[in-house]
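# Chain and residue survey
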Amino acid sequence: MAKAIIIGAGIGGIATAIRLRAKKYEVLVIEANNYPGGKLHYKKLGKYRFDLGPSLFTMPQYIDELFKLHQKNPKDYFQYSKKQVLCNYFWDDGTVFSAKAQKEAFIEEASKTFDEPQKHIKDYLSKSGKKYDLTAPLFLENSLHKLRTYISTDTIKAIFQIGQLGINQSLNSFNKKVFKSNKLVQLFNRYATYNGSSPYQTPGIMSMIPHLEMHYGVYFPKGGMHQITQSLFKLAEDIGVEFKFNEPIEEIKIDNGKASGVKSIKGNYASDVVVSNMDIYPTFKKLLSGQKQPEKILRQERSSSALIFYWGISKSFEELDLHNIFFTSNYQKEFEHIFKEKKLYKDPTVYINITSKEEPNDAPKGHENWFVMINAPGNYNQNWTALKEQSRKNIIAKLNKILEIDIEKHIVSEFVLDPMDIESNTSSYRGALYGAASNSKFAAFLRHPNFSSTIKNLFFCGGSVHPGGGIPLCLLSAKIISDITPAVEHEIFNKE
Ligand code: FAD
């Protein structure tokens with residue numbers, strides 16, 4: 001049987017393992033850490049449980065698909081529920097808006113809260129859907145780097161309608177042309193952060209992102225976000241994928257222009273196919289250091305990182321939901337600080353995720369588990385100790401003002417994750433959450449392909465390569481790899 005080795009057990013690596021197993025590969029996943037999941041991991045602090053990384057779950061059908069591929073019932077492994085409230089938004093002037101999942105309710109309430117004609121919001125959401133439908137089959141679900149993608153009817157449709165995609169203006173300019181309310185512009189600008197970019201630089205095509213939430217929905221996995229990778233890990237083991245933990249890979253072996261295996265800290269492993277789920281930057285710089293480097297791609301600007309305070313809170317807050325945003329009063333300044341100055345802004349936008357709202361066991365009764373995150377620049381060796389200290393004060397001052405409370409009194413447990421930690425935990429270059437940023441016209445389309453064009457049988461999956469970061473796109477990278485890897489029975493292995 002042909003053998004595939006996958007470097008890394010992040011969601012991209014596990015999903016690729018499951019897909020290659022369905023293609024009848026013998027699959028070995030070798031992971032540096034002692035757990036599966038990569039950024040999708042959790043931590044317990046006393047009686048509080050926290051998801052460490054992702055908190056927003058969309059497109060659960062991509063997960064279900066992996067179980068069905070192996071004739072398993074997804075519900076036997078993984079359950080989730082649909083959220084009726086997408087997010088609660090707060091502004092310094094006391095404005096509060098609870099964004100409903102139900103589209104008509106969202107439009108009606110947003111129109112009233114922001115004094116914006118319903119038609120503006122309705123048209124915006126409908127265009128968001130059109131952009132998504134036009135681009136997803138071409139840019140997200142296929143390799144951009146294979147000729148067959150360009151001779152499909154979907155591509156031809158997209159090319160003819162390219163003017164409508166908003167590529168020639170920033171997301172902020174696009175939103176400002178649609179909405180008269182600055183708050184609504186800010187609300188829709190926020191979607192640029194879903195791929196770690198700035199709304200003042202990322203192109204207007206990113207206005208398709210709200211469609212993912214507003215049309216396909218926002219979900220919460222039973223047991224918390226880490227259940228996504230835990231359930232996929234269980235499936236992978238059930239179908240015969242082998243895992244090795246605590247075993248960092250040091251080199252990808254190349255023989256006669258073909259990937260022939262890997263060298264880990266414990267020894268050598270031969271394989272017919274190698275897939276790296278490690279961030280593309282260290283994959284080339286460390287594991288392929290003797291090979292030609294795709295310097296232009298590796299030099300791409302990185303996405304934002306994050307500073308996260310995990311707080312056990314000895315109180316519960318009726319006005320908060322699973323997802324909550326406390327907006328800065330100067331969004332543009334905040335993004336300039338993050339991307340241009342590589343600093344943290346004094347009045348940051350604060351995101352609070354509270355899984356105990358959905359999963360009461362995540363905090364003691366009457367308490368809540370707060371995941372308090374601000375967007376941060378990547379790790380450029382800033383003084384993170386000082387930045388953390390100052391940011392903590394700024395965040396607390398902001399929350400105290402808006403929630404009219406002394407939050408410090410209620411923080412009973414705490415730990416913090418900064419961009420340096422994110423970088424060292426999963427080898428994510430500069431601690432980027434989503435690989436490269438999409439801060440220019442075509443950046444989203446210029447990520448590294450899912451295969452090597454110079455080394456045969458070498459593939460790349462996960463958030464730092466095509467089609468991008470975030471759980472749904474990592475899952476799509478696995479799908480693309482399974483579409484382009486050789487069929488075990490026919491193509492390379494038996495014939496060569
Ligand atoms: P990773 O999860 O980084 O996994 C890579 C794996 O490779 C790791 O396990 C690592 O240990 C292993 N590895 C690295 N080097 C080696 C080596 N040499 N040998 C062996 N193994 C190695 N996405 C969303 O969809 N929604 C969100 O709300 C969201 N919020 C986020 C918040 C935070 C704080 C963070 C950090 C990320 C967030 N993301 C979110 C992004 C999402 O987590 C990532 O896009 C996704 O998890 C990346 O998965 P991956 O498989 O590419 O890589």
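Every value quoted in this text rests on a predicted model; they were computed, and no experiment measured them. Numbers given to residues run from 1 along each chain, matching the order in which its sequence is written. The predicted nature of this model means local features are confined to residues of pLDDT at least 70 and side-chain atom pairs, given and counted, to a pLDDT of 80 or more, with totals for whole chains, interfaces and linings taken over all residues. Only heavy atoms go into the side-chain values, all of them from the structure, while hydrogens and water stay out.

## Remarks on the pattern of salt bridges
Quick note on the threshold: Here a salt bridge means any side-chain nitrogen of Lys or Arg lying within 4 Å of a carboxyl oxygen belonging to Asp or Glu. Under the scheme used here, helices are H or I runs from DSSP no shorter than 4 residues and strands are E runs no shorter than 2 residues, and both carry numbers assigned from the N terminus. The rule is simple: take the accessible area with a 1.4 Å probe, protein chains only, and divide by the maximum for that residue type; under 20% is buried, over 50% is exposed, in between is partly exposed.
A full pass over the atoms with the stated rule returns 23 salt bridges. A salt bridge links Asp362 to Arg49; the nearest nitrogen and oxygen atoms lie 2.9 Å apart. On the criterion of sequence distance, the pair formed by Asp362 in the loop between strand 16 (350–354) and strand 17 (368–376) and Arg49 in strand 4 (residues 48–51) is long-range, its members being 313 residues apart. Relative accessible area serves as the criterion here: at 3%, Asp362 is assigned to the buried category. One salt bridge connects Lys398 with Asp92, and the closest N-O pair in it is separated by 3.0 Å. On the criterion of sequence distance, the pair formed by Lys398 in helix 14 (residues 384–403) and Asp92 in the loop between strand 6 (85–90) and strand 7 (96–100) is long-range, its members being 306 residues apart. With relative accessibility at 6%, the residue Lys398 sits in the buried group. A relative accessible area of 28% means that Asp92 is categorised as partly exposed. The network of salt bridges with common partners includes Arg49, Asp51 and Asp362.

## Topic: helix 8 (residues 182–189)
Helical geometry note: an α-helix holds 3.6 residues per turn, so side chains three or four residues apart project in the same direction. With 6 of its 8 residues buried, helix 8 lies for the most part within the structure. Listed in full, the buried residues belonging to helix 8 are Leu184, Val185, Gln186, Leu187, Phe188 and Asn189.

## Observations regarding the packing of aromatic side chains
For any pair of aromatic rings, the description consists of the separation of the ring centres together with the inter-plane angle of the planes. In plain terms, the rule: Two rings from Phe, Tyr or Trp (for Trp, the six-membered ring) form a pair when their centres are within 6.5 Å of each other. A pair whose planes differ by under 30 degrees is stacked, one over 60 is edge-to-face, and the rest are tilted.
Within this structure, the stated rule accounts for 36 aromatic pairs. Where Phe50 meets Tyr310, the ring centres are 5.7 Å apart and the plane angle is 75 degrees; that geometry is what we call edge-to-face. Highlighted residues: Phe50 in strand 4 and Tyr310 in strand 14 (residues 305–313), separated in sequence by 260 residues. For the pair Phe50 and Tyr310, one class covers both residues: buried.

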